[in-house]
Amino acid sequence: MKDRVLEVKDFSAGFGDKTVVKNVSMEIYKNRVTSIMGPSGCGKTTFIRCMNRLHELNEQAFHKGEILLDGENIFKKNPIEVRKKIGMVFQRPNPFPTMSIYDNVIAGYTLNGIKLSKEEKDKIVEDSLKKAYLWEEVKDSLHRRGTFLSGGQQQRLCIARALAVKPEIILLDEATSALDPKATAKIEELIVDLKQYVTIVMVTHNISQAARVSDYIAFLYLGELVEYDKADTILTTPKDERTEEYLTGKFS
Amino acid sequence: MDKGVKRILKLTGYLFLILLAGIVITLVYGSAASIRKFGLGFIWGKEWNPVSGHFGALPFIVGTLITSFLALLISFPFSMAISLFLGEYFKKGLIAKIIESATDLLAGIPSVVYGFWGLMVFVPVMRKIEMKFGILPYGVGILTASLILSIMIIPYTSSLVTEVLKLVPSDLKEAAYGLGATRFEVIKKVILPYTKSGILAGLFLALGRALGETMAVTMVIGNRNAIPHSLFAPGNTMASVIANEFTEATENLYLSSLIEIGLLLFVITVIVNYIGNKIIKRYSV
């Protein structure tokens, strides 16, 4: 029926002796937008950082269980390969300040020492920037440093950078929380459009944002997956009362 | 209360300005005789002969610049390695602690101890190497001094660079890791470009230290007052000629020439610092 790209099985993770994600199992579907929603400190960010193995950069980090990408356990693969297939956009826009806009977009290739011809690079840069709705705004200043861009533009640049390496999945970690409403709206529009190319998993604590863009919503509370279903179902008829309380603003 | 503190701080500030001016005036006044006699020719005069009364600073300027830059060149890979080890690869843990305190300790060793160690351990080794290559086995000389100097300046560069590496936002590193970069690629393409001005600052700090280093260099450089013709030849630096000959300088012109070398050393150090600051400003992100 639906294509599964990512399958999380009995997965737990945390730092030191503190377990932040507890025994989560869920499936992520291809070319869909899945939101991980929940109050602050519920383990959302840790959870998606496990999906491309950034979590383990922390020295105290641990994890248990499996995450399968196209049927293969990502923890048995080289993390470098995993991260090429599962890209990430962070909470605060973080284009490389020492690189031009152009170089930022193809950074995924240069960082990995992949040599491309000028035409290939030009094409990747143009395609990625167009997909990220940024091309028109920056096409005349491609070789300037990205730091003069506005926050929203910088974040779209980061999305273009993630798209450029043609990943299967892009993880968005509260990618709009540092942006103003207008920039946020633009990125939400972009997210919906992007699902034709990639699968999107995003973390948000903004319920209305989750409602606007997601196909599926997972509600995480204190590290546990409370409920996971189609967005409409979760938003209109949640089965668990904790979900309902969260949606109605009883806690946040 | 607040006013009083402000006043004292202000006074201290002015006091340092006066001190600096005092040093410059003393140096210029002390070297007046030599400046009058030799003029600008003092800077490129190759001869230093107290007996005939001919004084030129070129051998010492050359000696100072060669030893300092050579020391910088030799120490750089090591200081970078230590910094990357402490700042990126092993941030915590016993090994990191030990290495960190060891490099700090290196900075605390008195210069004369370095000189002594150089004389007792390094010089014999150099002599053996020189004999093997069929060079006159002085043991002491430009290269020996540069090697000792390079060890002495490692802690300066490495501690500053380690600090600078810690300033790289984890955001940026994660962005690179997130794109599938390896640790070495992250260092090469993200961390080093981001920190290059800080690294340059570390290098200039070390250069400033190397230029003025006296005791250790004096003990192992050979104290020959001529432009060195090879790296293995003995030579002399500005600082070491002053330390070595100041007590012997009985004649007015001799003393004045030594003071003028001090003045030149001061000027060179100021220029190095100035250029350093300029570069740092230009490259800062």
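A brief report on the enclosed structure follows.

Another aspect to go through is unusual backbone geometry. Backbone geometry follows two general trends: most residues other than glycine have a negative phi, and most peptide bonds adopt the trans configuration. The phi angle at Asn31 of chain A is positive, at roughly 55°, despite the residue not being glycine. Along the polypeptide, Asn31 of chain A turns up in the loop between β2 (18-29) and β3 (33-37).

It is worth spelling out the interface of chain B and chain A at this point. In this assembly, 19 residues from chain B lie in contact with 28 residues from chain A. Both faces considered, chain B and chain A share a buried interface measuring about 1,900 Å² in area, 62% of it formed by carbon and sulfur atoms. Interface area lost by chain B to chain A is led by Glu174, Leu179 and Lys189 of chain B, which between them contribute 31%. Across the contact surface, chain B and chain A share 5 residue pairs in polar contact (both at pLDDT 80 or more). At the level of secondary structure, the elements contributing two or more residues to the side of chain B that touches chain A comprise α8 (170-178) and α9 (183-212) of chain B. Of the residues forming the side of chain B that touches chain A, the biggest block, 7 residues, is contributed by α8 of chain B. Taken together, the residues that form the side of chain B that touches chain A break down as 10 nonpolar, 3 polar and 6 charged.

Attention shifts here to the packing of helix α4 (residues 58-89) of chain B against helix α7 (residues 142-166) of chain B. The relative placement of two packed helices is expressed as an angle between their axes plus a distance between the axes. Residues and elements named next belong to chain B. At a closest axis distance of 5 Å, the pairing of α4 and α7 adopts a crossing angle of 40°. It follows that α4 is oblique to α7 by the angle criterion. Here the hand of the crossing between α4 and α7 comes out right-handed. The residue inventory of the contact of α4 with α7, partitioned by class, reads 19 nonpolar, 12 polar and no charged.

All right, on to the sheet that holds strand β8 (residues 199-204) of chain A then. Residue and element names in this part refer to chain A. In spatial order, the strands read β6-β7-β8-β3-β9-β10; together these 6 strands make up an open sheet with mixed pairing. Of all the strands in the sheet, just β6 (86-89) and β10 (224-230) have a single pairing partner and so form its edges. For this sheet, the mean angle separating the axes of adjacent strands, direction not counted, is 20°. In this structure, β3 lies alongside strand β9 (residues 216-221), joined through 4 bridges in parallel fashion. Residue Thr34 lies in a different strand from β9, and its bridge partner there is Tyr216. In the packing of helix α1 (residues 44-51) onto the sheet, the strands contacted are β3, β6, β7 (169-173), β8 and β9, and the crossing angle to β8 comes to about 155°.

Cut-offs used in this document
- Residues numbered from 1 in each chain as written.
- Chains lettered and ligands numbered in written order.
- Predicted model: local features only at pLDDT ≥ 70, side-chain atom pairs only at ≥ 80, totals over all residues.
- Heavy atoms only, no water.
- Helix = DSSP H or I, 4+ residues; strand = E, 2+ residues; numbered from the N terminus.
- Contact = heavy atoms within 4.5 Å.
- Buried area = accessible area lost by both parts, 1.4 Å probe.
- Polar contact = N/O pair within 3.5 Å; in protein donor to acceptor, adjacent residues only side chain to side chain.
- Nonpolar A, V, L, I, M, F, W, Y, C, P; charged D, E, K, R; others polar.
- Axes fitted to C-alpha atoms, helices over the stretch in contact; angles between N-to-C directions.
- Parallel < 35°, antiparallel > 145°, perpendicular 65-115°, else oblique.
- Left-handed = near helix turned anticlockwise from the far one by under 90°.
- Pairing = 2+ DSSP bridges.

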